[in-house]
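# Structural overview for review
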Amino acid sequence: MALDILIVDDERDIRELVAGVLSDEGYECRTAGDSRAALEAIDQRRPSLVLLDVWLHGSPMDGLEVLDAIKVREPELPVIIFSGHGNIDTAVSAISRGAMDFIEKPFEAERLLHLVGRATETERLRRENAQLKKHADTTAYEFTGSSTAINQVRATLKRVANTGSRLLISGPAGVGKEVAARMLHAWSPRADSAFVSVNSARITPERFEQELFGEEQDGHLVRPGLLEMADGGTLYLDEVADMPLSTQARILRVLTEQAFVRVGGHRQIRVDVRVVSSTSRNLEKEIAERRFREDLFYRLNVVPVHVPALAERRDDIPGLVEHFFARFAANQGVAPPEIAPDAMAALQAYEWPGNVRQLRNVVERTVILTPLERLARIEADMLPAEIGSGRLGGDSGMSTLMGVPLREARESFEREYLRVQIRRFSGNISKTASFIGMERSALHRKLKLLGMVERGSEDGEG
Ligand SMILES: Nc1ncnc2c1ncn2[C@@H]1O[C@H](COP(=O)(O)OP(=O)(O)OP(=O)(O)O)[C@@H](O)[C@H]1O
């Protein structure tokens, strides 16, 4: 996106001349002929730089007064003053009132470009950093998974990335709702602007409005809010059901009007944000119990996306395990380890109540606690005890088996073995049979014989 420059001068010829010189260099220019138009243009969209004539004949405010008004609204916005010959004193006073520099009319195009280049340097660097950070973010927030459920989520995100549609992402804690929202942002035309995350559960109800809308005192900006920071980008409302009812009403107004008033302020601030929200709760129930506004729900839930619990998409576990082992091993400066089949089976059979976040923590803990020389191959006994408890052949299990006749011990083993394998393949009998090397019909017979009720379905998950 080009840097946006606002040119304010009462003389049309000068405005057009300057805009022509700057547009040729790739800047995007807007022009204003008086103070009112200038301030309106700034309120509509914050430019990267303002070039401001000191006189502004026939305008409600002169250039210096406009400069003061700009500094109240946007203290960091750079302003360069155009001064006529013979009013250098005014130009100097403009600098003491916050202008960055001044340029005397008539001026050489080269001098103008030099000053503009210098004044927009900070903005250019900020954008380059955002670009680099975005690249780092998209790699850090890779949305790993190839289960049917995740493929569907990815396809929906791709389909709507280019639109401005709002999304409501549901699913239990730690499944990757924020990762999905960041992917959407990275794929959208808003990727160069900010992704701002609002954690509704962490902000106290008393601070909510200040955090979201910012604060103003006597017309002076005290602190911009998260909504303003997300201008041009994406605002992620995490755990939206935790938002106080009074804030819900105000958010609804922002969504309808795309404008809001800062706490303590009077001026309407225009913003262009895409809102993506998430919830781990059942919002219909929250609405029925009058904790969540139904009208807001319909506004937010334009495109619903559901990310299921990890235990409902165990196909994703091997990919995630490898992804996280490779990442944490790299942090230790070692190659991605090989995952032994018994370790993978234990990881795949575990329930994962904390979902992907828990899986990531388990892998990180394992990598940190394992001596470097053993990191080349991960065996089941290297995993934390809670994961291993789903494993077979633990010592206590063996000693119990030793106390019973062979037939009973074998049945006990078979029952436990099949229970773990079936869970690992999400109840899919065909996949289980194929892994354990049995015909599907033989496995059915075996399960019946052992008195095991079959859970899940034939086709299980993808
Ligand atoms: N598909 C995935 N691929 C790679 N990493 C993932 C994936 N899903 C989740 N993660 C990782 O798991 C952790 C939790 O993800 P995230 O914060 O997106 O979950 P969430 O659903 O938003 O949970 P919460 O609402 O509790 O914050 C993060 O560290 C994230 O990087």
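Rules of the game
- Residues numbered from 1 in each chain as written.
- Predicted model: local features only at pLDDT ≥ 70, side-chain atom pairs only at ≥ 80, totals over all residues.
- Helix = DSSP H or I, 4+ residues; strand = E, 2+ residues; numbered from the N terminus.
- Buried ≥ 20, exposed ≤ 12 C-beta atoms within 10 Å, placed from the backbone.
- UniProt positions renumbered as here; feature names shortened; annotations may be inferred.
- Contact = placed C-beta atoms within 7 Å.
- Pairing = 2+ DSSP bridges.
- Axes fitted to C-alpha atoms, helices over the stretch in contact; angles between N-to-C directions.
- Near = placed C-beta within 6 Å.
- Nonpolar A, V, L, I, M, F, W, Y, C, P; charged D, E, K, R; others polar.
- Domains from an automatic or database assignment.
- Core = buried A, V, L, I, M, F, W, Y, C linked by C-beta atoms within 7 Å.
- Left-handed = near helix turned anticlockwise from the far one by under 90°.
- Parallel < 35°, antiparallel > 145°, perpendicular 65-115°, else oblique.
- Arc of directions from axis to C-beta.

With that settled, the discussion passes to the overall build of the protein. When helices and strands are counted, the protein shows 21 helices and 16 strands. The buried share among the 462 residues of the protein stands at 33%.

Turning our attention to the UniProt feature "modified residue: 4-aspartylphosphate" (unreviewed entry) in the protein. When the UniProt feature table is mapped onto this chain numbering, "modified residue: 4-aspartylphosphate" (unreviewed entry) sits at D53. Owing to 24 C-beta atoms within 10 Å, D53 belongs among the buried residues under this scheme. Ignoring any residue separated from it by four or fewer positions in sequence, one finds D53 in contact with V8, D9, D10, G63 and F82.

Take the pairing of strand β4 (residues 79–83) next. The element β4 is largely enclosed, with a buried count of 5 among its 5 residues. Residues V79, I81 and S83 of β4 are buried on one face, and the alternating residues I80 and F82, pointing to the opposite face, are buried as well. With 4 bridges connecting them, strand β3 (residues 49–53) and β4 associate as parallel partners. Bridge assignment links D53 to a residue of β4, and that residue is F82. As defined by bridge partners, β4 adjoins strand β5 (residues 101–104) across 4 bridges and the pair is classed as parallel. In the strand pairing of β5, F82 is matched with I103.

A few words on the sheet that holds β3. The sheet built from 5 strands is open, its strands ordered β2-β1-β3-β4-β5 with parallel pairing. Of all strands in the sheet, those bounded by a partner on one side alone are β2 (28–32) and β5. On average, each strand axis in the sheet is inclined to that of its neighbour by 20 degrees, with strand direction left out of account. Where strand β1 (residues 4–8) and β2 come together, 5 bridges link them in parallel fashion. Bridge pairing links I7 to T31 in β2. Those strands touched by helix α5 (residues 109–119) are β1, β3, β4 and β5, and its axis lies near 170 degrees from that of β5.

Moving on: the site of the ligand. Taken together, 18 residues are adjacent to the ligand, and A173, G176, K177, E178 and V356 come closest. When residues of the shell around the ligand are traced back to their parent elements, those giving at least two are α8 (177–187) and α16 (355–369). Of the residues contributing to the shell around the ligand, the split by class is 5 nonpolar, 7 polar and 6 charged. Counting only domains with at least three residues in the shell around the ligand, you end up with domain 2 (141–308) and domain 3 (311–387).

Our next topic: α8. Of all 11 residues in α8, 8 are buried, a share of seventy percent or more. Regarding α8, the residues found buried are K177, A180, A181, R182, M183, L184, H185 and A186.

The 5 strands lie next to each other as β7-β10-β13-β6-β14, forming an open sheet whose pairing is parallel. Of all strands in the sheet, those with a lone pairing partner are β7 (195–199) and β14 (303–306), marking the two edges. Within this sheet the neighbouring strands show an average axis-to-axis angle of 20 degrees, counted without direction. Pairing between strand β10 (residues 234–238) and strand β13 (residues 274–279): 4 bridges, direction parallel. Along β13, the bridge assignment pairs L235 with V275. Lying on the sheet, α8 is in contact with β6 (167–170), β7, β10, β13 and β14; it crosses β13 at an angle near 165 degrees.

In this section: the nonpolar core. Grouped burial of nonpolar side chains is what soluble globular proteins tend to show. A180 and L235 are the most contacted members of the largest nonpolar core, which totals 65 residues. Sorting elements by how many residues they give to this core places helix α14 (residues 316–331) first, with 7 residues. When we break this core down by domain, the ones giving at least three residues each are domain 2 (141–308) and domain 3 (311–387). Dropping the residues within four chain positions of it, L235 is found in contact with V196, V198, L226, L227, A230, V273 and V275.

So, about the packing of helix α7 (residues 148–161) against α8. Interhelical geometry of α7 versus α8 gives an angle of 35 degrees and a closest axis separation of 9 Å. α8 is crossed by α7, and the crossing has right-handed handedness. Contacts between α7 and α8 involve V153, L157, K158 and A161 from the former and A180, M183, L184 and W187 from the latter. Taken together, the residues that form the contact of α7 with α8 break down as 7 nonpolar, no polar and 1 charged.

It is worth spelling out the environment of T279 at this point. Position of T279 among the secondary structure elements: in strand β13. The spatial distance from the C-alpha of T279 to the C-alpha of H306 is 9.8 Å, given a sequence separation of 27 residues. Setting aside its immediate chain neighbours within four residues, T279 contacts L168, S170, E239, V240 and A241.

To continue, consider the packing of α14 against α16. It is the contact of α14 with α16, at a shortest axis distance of 9 Å, that shows an interaxial angle of 45 degrees. The angle between α14 and α16 places the two elements in the oblique class. You can see that α14 and α16 cross each other, and the crossing is right-handed. Counting all contacts with α14, which are made through L320, V321, F324, F325, F328 and A329, the residues of α16 involved are V356, L359, R360, V363, E364 and V367. Partitioned by chemical class, the residues of the contact of α14 with α16 number 10 nonpolar, no polar and 2 charged.

Here we take up helix α3 (residues 63–73). Among all positions in α3, only G63, V66, L67 and I70 are buried. One side of α3 carries all its buried residues, which in axial view fall inside an arc of 105 degrees.

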